[in-house]
Amino acid sequence: MPLTFRQRLEMRIARLLAALPPRLQLRLSRKDPVVVDGQTLEPEIQLQLAVLERQGNPPIETLPPPQAREEMRRRALPAGGPTLPVGDVRDLTVDGATGPLRARHYAPAEPGGPHPLLVFYHGGGWVIGDLDTHDATCRLLCRHAGVHVLSVDYRLAPEAPFPQPIDDGRAAFAWAAAHAAELGADPARVAVGGDSAGGNMAAVVSQETVREGVAAPVFQLLIYPAVDASKDYRSQELFREGFLLTQAEMDYFYNHYVGQSDPTDTRLSPLLAEDLSGLPPALIVTAGFDPLRDEGEAYAQALREAGNVVAHRRFAGLIQGFANMVGVSRVSRDAVVEMAGATRALLATVAAKVPATH
């Protein structure tokens, strides 16, 4: 989607600020270094947060969902940076729970193959976000992980509240597993991934497919996932204000998506599942200044204790949403490139799970 003049200007300014020396970034933020819980916020992230504060953008939680979605798109498109070329990109439709869903397929330019397929669910609290807001993230994963990426535009709340996005995620994964070869991907290596709310969906798809004995992911990439809606963690107390994702915004998402549903439902809180054994290998990525940090790390520990293969990486100086800042933040881009490289390595070691039943 072409950027407006304002968006192009915002992107150029942000890229210039990201290239400044850290000392100058701190001076421009007009604040001392931010140190919380033994971690130091990356200076370029501190400056970007200061700039956002000065811009006076309307808080997401003050907007009706349709306007909130437009506001996220307005912010996300310049933050993704210039379009990164990959082998091929095309829009298509895949199966949802009640009808077709929009999706976008990214094919790697690498020789060899067939390469694995990563089914990706975008973040946004199940209320905002779409194919375009996460286009830059998917392109980086495609290029640096050497994978096909199928980004799924599942239905959003409040029009489609819990558990309808989960149902769409399940249907889209089943479609991808059945059509991987048609996409040019390796049907024996279909993985799942997502960020924040999308990380929740990826975790639930992994659990439910394994439990039901149907075609399951061979790997799960969970980027700062929301995995326990039943309680507050210490990281929520520490980072509920001032680090992009606020408590008010989380409440807004929760109220639109969850409503009166039971927060201990394992589709909302996959960390609470009674049996976590036998799940696909997982790479769980957390950010040091993220309210969701501790629940993501608790999930990594629970998976490990259940006997699963788990790699965990905390980017101590980053915030929730860094995967959407790859075009204007060098440290964020480096983090996504690193997780893509780890995804490539882990996918090279896994084989498909054979369904117990059909």
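Look up: the structure comes first, before these words.
Residues numbered from 1 in each chain as written. Predicted model: local features only at pLDDT ≥ 70, side-chain atom pairs only at ≥ 80, totals over all residues. Heavy atoms only, no water.

(A) Quick peek at the packing of aromatic side chains. What the rule picks out here adds up to eight aromatic pairs. Aromatic pair Trp126 and Tyr257: ring centres 4.2 Å apart, planes at 10°, arrangement stacked. Highlighted residues: Trp126 in the loop between strand S5 (115–121) and helix H5 (135–145) and Tyr257 in helix H9 (residues 247–257), separated in sequence by 131 residues. For the pair formed by Trp126 and Tyr257, the shared burial category is buried. Their ring planes at 45° and their centres at 5.2 Å tell us that Phe243 and Phe289 sit as a pair that is tilted. Here Phe289 lies in the loop between strand S9 (282–287) and helix H10 (293–305) and Phe243 lies in the loop between helix H8 (234–239) and H9, a separation of 46 residues in the sequence. Of the two residues examined, Phe243 and Phe289, each falls in the buried class. Grouped by ring-pair contacts, the aromatic residues Trp126, Phe162 and Tyr257 constitute a single cluster. The ring of Phe315 is capped by Arg313, whose NZ or CZ atom sits 4.1 Å from the centre of that ring. (Phe/Tyr/Trp six-rings, centres within 6.5 Å; stacked < 30°, edge-to-face > 60°. Helix = DSSP H or I, 4+ residues; strand = E, 2+ residues; numbered from the N terminus. Buried < 20%, exposed > 50% of the residue type's maximum accessible area, 1.4 Å probe, protein only. Lys NZ or Arg CZ within 6 Å of the ring centre and 35° of its normal.)

(B) Structural detail: the pairing of strand S3 (residues 88–95). As judged from the eight bridges shared by S3 and strand S4 (residues 100–107), these two strands associate in the antiparallel manner. Of the residues in S4, the one forming a bridge with Asp95 is Pro100. Linking two consecutive strands that pair antiparallel, namely S3 and S4, is a turn of four residues. (Pairing = 2+ DSSP bridges.)

(C) Quick peek at the side chain of Ser151. Structurally, Ser151 can be placed in strand S6 (residues 148–153). Take Ser151: its relative accessible area is 0%, and that puts it in the buried class. If sequence neighbours within four positions are ignored, Ser151 has contacts with Arg102, Ala103, Arg104, Tyr106, Phe120, Leu131 and Cys138. (Contact = heavy atoms within 4.5 Å.)

(D) Representation of the packing of H5 against helix H11 (residues 330–347). Interhelical geometry of H5 versus H11 gives an angle of 45° and a closest axis separation of 8 Å. Taken together, the axis directions place H5 and H11 in an arrangement best described as oblique. Both H5 and H11 take part in a crossing whose hand is right-handed. In contact with Leu140, Leu141, Arg143, His144 and Ala145 of H5, H11 contributes Arg333, Val336, Val337, Met339, Ala340, Gly341, Thr343 and Arg344. (Axes fitted to C-alpha atoms, helices over the stretch in contact; angles between N-to-C directions. Parallel < 35°, antiparallel > 145°, perpendicular 65-115°, else oblique. Left-handed = near helix turned anticlockwise from the far one by under 90°.)

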